[in-house]
Amino acid sequence: MSNVTTPCRYDFVGSFLRPARLKKARRSFDEGKISYEELKKVEDDAITELIEKTKELGYHVITDGEFRRATWHLDFMWGFDGIGHTPTTTGLPFHGEAAMVDDTFIDGKVGISGEHPFVEHFRFVKAFEDENTVAKQTMPSPAQFYAQFTMPFNHEQTEKFYATDEELAADIVKAYGKVIDDLYAAGCRNIQLDDCTWGMLADKTGPMLYGTTPEGAVEVQKRHKDINNQVIANAPKDMIINTHVCRGNFHSTYANSGAYDPVAEVLFGEENVNAYFLEFDDERSGGFEPLSKVSGDKKVVLGLVTTKSPELEDKDEVIKRIHEAEKYIPLDRLYLSPQCGFASCEIGNKLTEEQQWAKLALVKEVAEEVWGC
């Protein structure tokens, strides 16, 4: 068991650009041209190479790059009982482009009758741990799962199986508990809950997206905080649970904009995570002032290097912004990472693998200069 814990002083969110051979194999599998065993062999080889590159660069955290998923969140949901999905005809609205990900909906009671596929995915990564590295498991937050089926576009379908949203929340909490316990038994001690719900609620369109008023949106925040905290409270006590708060990430575009101010009190003050991975890569993210609401000794991972653009950031400017954030959070509770994954969906963002690795090298270089790590 590795003694490394997350977040690491220089870290990353979790997803990486899929190699061309992996994309080709996925298409061939979907078209029935190769077997699952053949696809898995390509996945295994690509993940092995990814982990080797991550270690060579000097990072202390490893993931599978989400190479076995089509999307950062929906594949996880599909692993539960009671969840159906079909190819979309409309996609999800992003800035300038629709994200053509499967429509996903409830078609029965939510639960886990066996072992979730992500547990076996984790075991593969766990085998690469050593004294310098730790494997972390990323998954959508319970609030993200809950929002998927209670937002207006899906709520009518959900009501066919759940009389109240509270009943759904209870089943989600129970099912997440089973997944986390199984991950723990597989040796996982670091989980990252990826969560776009706070980005939606921070956006000025948030109340409309949730079909409510500004006052009602605050109540939504509290429900999201509560379901996340219930799952965290039920987890093994030595399981480190962090969260990544995102505003959408698809093919270098985004879904939401807005500073953290409207959600800071509930998100930073009341959600019981160990650390927040936060986006601060452009003007859509607002300033660092909301970090004053981060309670206790919780940590903040500053996402100052964008994954949405191939241009490499100026090192001095990144260092300057770290010290700006230090006005609100002590430096020893600050960490650094890219603002999001490089490929939250299989299509990936608009940069090359070489540019991806250059950004990660910059994150490490800056962290070593600022913290001496």
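Please read all numbers here as calculations on a predicted model, not as lab measurements.

## Details of the packing of helix H1 (residues 20-30) against helix H2 (residues 36-57)
H2 packs onto H1 with a crossing angle of 165° between their chain directions and a minimal axis gap of 10 Å. The orientation of H1 with respect to H2, classified from their angle, is roughly antiparallel. Both H1 and H2 take part in a crossing whose hand is left-handed. Side by side, H1 and H2 meet where Arg21, Leu22, Ala25, Arg26 and Phe29 of the first sit next to Tyr36, Leu39, Val42, Glu43, Asp45, Ala46 and Glu49 of the second. Taken together, the residues of the contact of H1 with H2 sort by class into seven nonpolar, no polar and five charged.

## Quick look at the side chain of Thr6
Its place among the elements puts Thr6 in the segment before H1. In this structure the side chain of Thr6 is engaged in a polar contact, spanning 3.0 Å, whose partner is the side chain of Asn242. Setting aside chain neighbours within four positions, we find Thr6 in contact with Val61, Val134, Asn190, Ile240, Asn242 and Asn274.

## Quick notes on the packing of aromatic side chains
To describe a pair of aromatic rings, you give the distance between the ring centres and the angle between the ring planes. Using the criterion set out here, one finds 18 aromatic pairs in the structure. With centroids separated by 5.6 Å and ring planes inclined at 50°, the aromatic side chains of Phe12 and Tyr59 adopt a geometry described as tilted. Linking Phe12 in the segment before H1 with Tyr59 in the loop between H2 and strand S1 (61-62), this pair joins segments that are 47 residues apart in sequence. Residue Phe12 shares its accessibility class with Tyr59, and that shared class is buried. Members of the aromatic cluster, each reached through a chain of ring pairs, are Tyr10, Phe12, Phe16, Tyr59, Phe342 and Trp357. Cation over ring: Arg9 sits above Tyr335, and NZ or CZ is 4.3 Å from the ring centre. Over the aromatic face of Tyr162 sits the side chain of Lys109, whose NZ or CZ is 4.0 Å from the ring centroid.

## Comments concerning the sheet that holds strand S9 (residues 240-245)
Taken in spatial order, the six strands make up an open sheet running S7-S8-S9-S10-S11-S12, and their pairing is parallel. Both outer strands of the open sheet, strand S7 (137-140) and strand S12 (334-338), are each paired with one neighbouring strand and no more. Direction aside, the axes of adjacent strands within the sheet are offset by 25° on average. In the sheet, strand S10 (residues 275-279) pairs with strand S11 (residues 299-305) via five bridges, with the strands oriented parallel. Counterpart to Leu278 in the pairing with S11 is Leu302. In the packing of helix H5 (residues 142-150) onto the sheet, contacts are made with S7 and strand S8 (190-195), and the angle to S8 comes to roughly 35°. Seen against the sheet, helix H12 (residues 315-325) touches S11 and S12 and runs at an angle of roughly 150° to S11.

## Structural notes on the pattern of salt bridges
Evaluated as defined, the whole model comprises 25 salt bridges. One salt bridge in this structure joins Lys222 and Glu219, with 3.8 Å as the shortest N-O distance. Taken as a pair, Lys222 and Glu219 lie in helix H10 (residues 214-234) at a separation of three residues, close to a single helical turn. Residue classification places Lys222 among the partly exposed residues on the basis of a relative accessible area of 33%. Connected through shared salt-bridge partners, Arg26, Lys40, Glu43, Asp44, Arg68 and Glu346 make up one network.

## Overview of H5
The element H5 is largely enclosed, with a buried count of nine among its nine residues. Within the span of H5, buried status applies to Pro142, Ala143, Gln144, Phe145, Tyr146, Ala147, Gln148, Phe149 and Thr150.

## Details of the packing of H5 against H10
Contact geometry of H5 with H10 gives a least axis separation of 8 Å together with a crossing angle of 130°. Classified by the angle their axes make, H5 and H10 are oblique. Crossing handedness for the pair H5 and H10: right-handed. Where H5 approaches H10, its residues Pro142, Ala143, Tyr146 and Ala147 are matched on the opposing element by Arg223, His224, Ile227, Asn228 and Val231. Per-class residue counts for the contact of H5 with H10 are six nonpolar, two polar and one charged.

## Looking at the environment of Asp195
Locating Asp195 in the fold gives a position in strand S8. Distance in space between the C-alpha atoms of Asp195 and Ser344 is 12 Å, their sequence separation being 149 residues. Asp195 has contacts with Trp72, Ser141, Ala143, Gln144, Asn228, Thr243, His244, Val245 and Cys246, leaving out every residue within four places of it along the chain. Within the structure, Asp195 has its side chain in polar contact with the side chain of Ser141 (distance 2.9 Å). Separated by 3.2 Å, the side chains of Asp195 and Trp198 make a polar contact.

The rules behind each value
Residues numbered from 1 in each chain as written. Predicted model: local features only at pLDDT ≥ 70, side-chain atom pairs only at ≥ 80, totals over all residues. Heavy atoms only, no water. Axes fitted to C-alpha atoms, helices over the stretch in contact; angles between N-to-C directions. Helix = DSSP H or I, 4+ residues; strand = E, 2+ residues; numbered from the N terminus. Parallel < 35°, antiparallel > 145°, perpendicular 65-115°, else oblique. Left-handed = near helix turned anticlockwise from the far one by under 90°. Contact = heavy atoms within 4.5 Å. Nonpolar A, V, L, I, M, F, W, Y, C, P; charged D, E, K, R; others polar. Polar contact = N/O pair within 3.5 Å; in protein donor to acceptor, adjacent residues only side chain to side chain. Phe/Tyr/Trp six-rings, centres within 6.5 Å; stacked < 30°, edge-to-face > 60°. Buried < 20%, exposed > 50% of the residue type's maximum accessible area, 1.4 Å probe, protein only. Lys NZ or Arg CZ within 6 Å of the ring centre and 35° of its normal. Pairing = 2+ DSSP bridges. Salt bridge = Lys/Arg side-chain N within 4 Å of Asp/Glu carboxyl O.

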